[in-house]
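Coordinates in review
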Amino acid sequence: MNRRNWFTNVVGGTALAALAAFSFPSTLSAQVRTRRNQPSGKAMPTMKRYDNSFFYKDGKFDAEAGKQAFRELFKFHNYSLANVVDDERFWVADFALGDFANVGMGGIFWVNDKEHNYFGHEIYLLPFQMIPEHSHVAADGKPAKHEYWQVRHGSIYNFGKGGKKDDPMPPGVVLPKSQMDDNAISCFKWKELTTQTGFGKGEDVLTALGDWHFMMGGPNGTIVTEYASWHSGNGLRLHNPKAKA
């Protein structure tokens, strides 16, 4: 089941079906170790970054390779839900942009209830991977989606309206050439959110309802819980005209 079908079909209590367990691949990168097991006095481990050659086979996006990279993210952060995410519910997307190492995401839609107007979403981002810049508008008889984010593991750089493209970026952040060449990034004002920052709202969100915005995973990627009003695929606007939800 693809990402767009989840937006359409996941409604109310039916979204809370029992989850089937999966196992991590046996060939996980040796770099992927939990912080808990790191000997004291040694440098903290860092997530392995893959380039696009890992995610594309014969020019086509390999969703299973994307899932493998996210499973490494789960193991790295000792993610509590890692062993109960089933393959159908767990999706990955490159938005048809061909640059998953830098632009894409994974996630789980827990619930998307139009009648009662609420939405629960888990967002997964690899190190320095961004969600394409986007906005939400009124659609299907509902107002524009209103959303808050809570960083569960890792960190994000939250980009909102403002700033200039030559403004200083956070250490290690390079805005993807695939998006800059298409003039598909207009948000250059950023704020780092971590598990210590608190709930992503107010000045942390940097985004008024309907504004363009995006988030990017920090140096070790991120796992973010999103709380929001009902999400309509028809109300999603992607800034890059090449992008597809």
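Refer to the structure printed above.
Just so you know, these numbers come straight off a predicted model, no measurement behind them.

Glancing now at the pattern of salt bridges. As enumerated under the stated definition, the model contains seven salt bridges in all. Residue Glu 64 pairs with Arg 71 through a salt bridge whose shortest N-O separation is 2.8 Å. Put simply, Lys 145 and Glu 147 hold a salt bridge, and the shortest N to O gap is 3.3 Å. A network of salt bridges, in which partner residues are shared, links Lys 145, Glu 147 and Glu 226.

What follows deals with the side chain of Ser 232. Inspection of the secondary structure puts Ser 232 in the loop between strand E9 (214–228) and strand E10 (236–238). For Ser 232, a relative accessible area of 10% corresponds to the buried category. A polar contact of 2.6 Å, which involves the side chain of Ser 232, links it to the side chain of Asp 140. Apart from the residues lying within four places of it in its own chain, the contact partners of Ser 232 are Ala 139 and Asp 140.

In this model, Asn 78 sits at a positive phi of 50 degrees, which is unusual for a non-glycine residue. The topology assignment puts Asn 78 in the loop between helix H3 (63–76) and strand E3 (91–93). Since its relative accessible area comes to 40%, Asn 78 is described here as partly exposed. A positive phi is found at Phe 128, a non-glycine position, where the angle reads about 60 degrees. Take Phe 128: it is sitting in the loop between strand E5 (118–125) and strand E6 (134–136). For Phe 128, a relative accessible area of 12% translates into the label buried.

Before going further, it helps to examine the packing of aromatic side chains. The final tally for this structure, using the stated rule, is 18 aromatic pairs. Where Phe 54 meets Phe 55, the ring centres are 5.2 Å apart and the plane angle is 85 degrees; that geometry is what we call edge-to-face. Looking at Phe 55, the relative accessible area reads 1%, which means it is buried. With a centroid separation of 5.7 Å and 75 degrees between ring planes, the pair formed by Tyr 79 and Tyr 124 is classed as edge-to-face. With a gap of 45 residues between them, Tyr 79 in the loop between H3 and E3 and Tyr 124 in strand E5 connect regions that are remote in the sequence. Of the two residues, Tyr 79 and Tyr 124, neither departs from the other in class, the shared state being buried. Through successive ring pairs, a cluster of aromatic residues spans Tyr 50, Phe 54, Phe 55, Tyr 56, Phe 61, Phe 70, Phe 74, Tyr 79, Phe 90, Phe 100 and Tyr 124. Here the guanidinium or amino end of Lys 57 rests over the ring plane of Phe 54, the centre of that ring lying 5.7 Å away.

The next subject is the nonpolar core. Taken as a class, soluble globular proteins show a tendency for nonpolar side chains to be buried jointly. Grouped together as the largest cluster of nonpolar side chains are 30 residues, with contacts concentrated most on Ile 123, Phe 159, Leu 175 and Met 216. For this core, the elements supplying multiple residues, two or more each, are E3, strand E4 (105–113), E5, strand E7 (147–160) and E9. Once you skip the residues sitting within four places of it in the chain, Ile 123 turns out to touch Met 105, Gly 106, Ile 131, Trp 149, Met 215, Thr 222, Ile 223, Val 224 and Glu 226. Tyr 56, Tyr 79, Val 85 and Phe 100 belong to the second largest nonpolar core, which has 22 residues in total.

Our next topic: the environment of Lys 165. Tracing the sequence through the fold places Lys 165 in the loop between E7 and helix H4 (177–180). Of the residues examined, Lys 165 reaches a relative accessible area of 62% and is grouped as exposed. Considered as a pair, Lys 165 and Met 180 are 15 residues apart in the sequence and their alpha carbons are 9.1 Å apart. With residues up to four places along the chain from it excluded, the contact list for Lys 165 reads Met 180 and Phe 188.

It is worth spelling out the sheet that holds E5 at this point. Whenever strands of a sheet pair, they do so through backbone hydrogen bonds, lying parallel or antiparallel. Strands sit in the order E3-E4-E5-E9-E7-E8 across an open sheet of six strands; the sheet is antiparallel. Strand pairing shows two members of the sheet lacking a second neighbour, E3 and strand E8 (189–194), which therefore form its edges. Each strand axis lies, on average, 35 degrees off the axis of its neighbour in the sheet, ignoring direction. Relative to E5, E4 runs antiparallel, the two sharing seven bridges. Looking at the pairing, Gly 107 lines up with Ile 123 of E5. Seen against the sheet, H3 touches E3, E4, E5 and E9 and runs at an angle of roughly 90 degrees to E9.

Rules used throughout
Residues numbered from 1 in each chain as written. Predicted model: local features only at pLDDT ≥ 70, side-chain atom pairs only at ≥ 80, totals over all residues. Heavy atoms only, no water. Salt bridge = Lys/Arg side-chain N within 4 Å of Asp/Glu carboxyl O. Helix = DSSP H or I, 4+ residues; strand = E, 2+ residues; numbered from the N terminus. Buried < 20%, exposed > 50% of the residue type's maximum accessible area, 1.4 Å probe, protein only. Polar contact = N/O pair within 3.5 Å; in protein donor to acceptor, adjacent residues only side chain to side chain. Contact = heavy atoms within 4.5 Å. Phe/Tyr/Trp six-rings, centres within 6.5 Å; stacked < 30°, edge-to-face > 60°. Lys NZ or Arg CZ within 6 Å of the ring centre and 35° of its normal. Core = buried A, V, L, I, M, F, W, Y, C linked by side-chain atoms within 4.5 Å. Pairing = 2+ DSSP bridges. Axes fitted to C-alpha atoms, helices over the stretch in contact; angles between N-to-C directions.

Distances and angles like these do not, on their own, reveal function.
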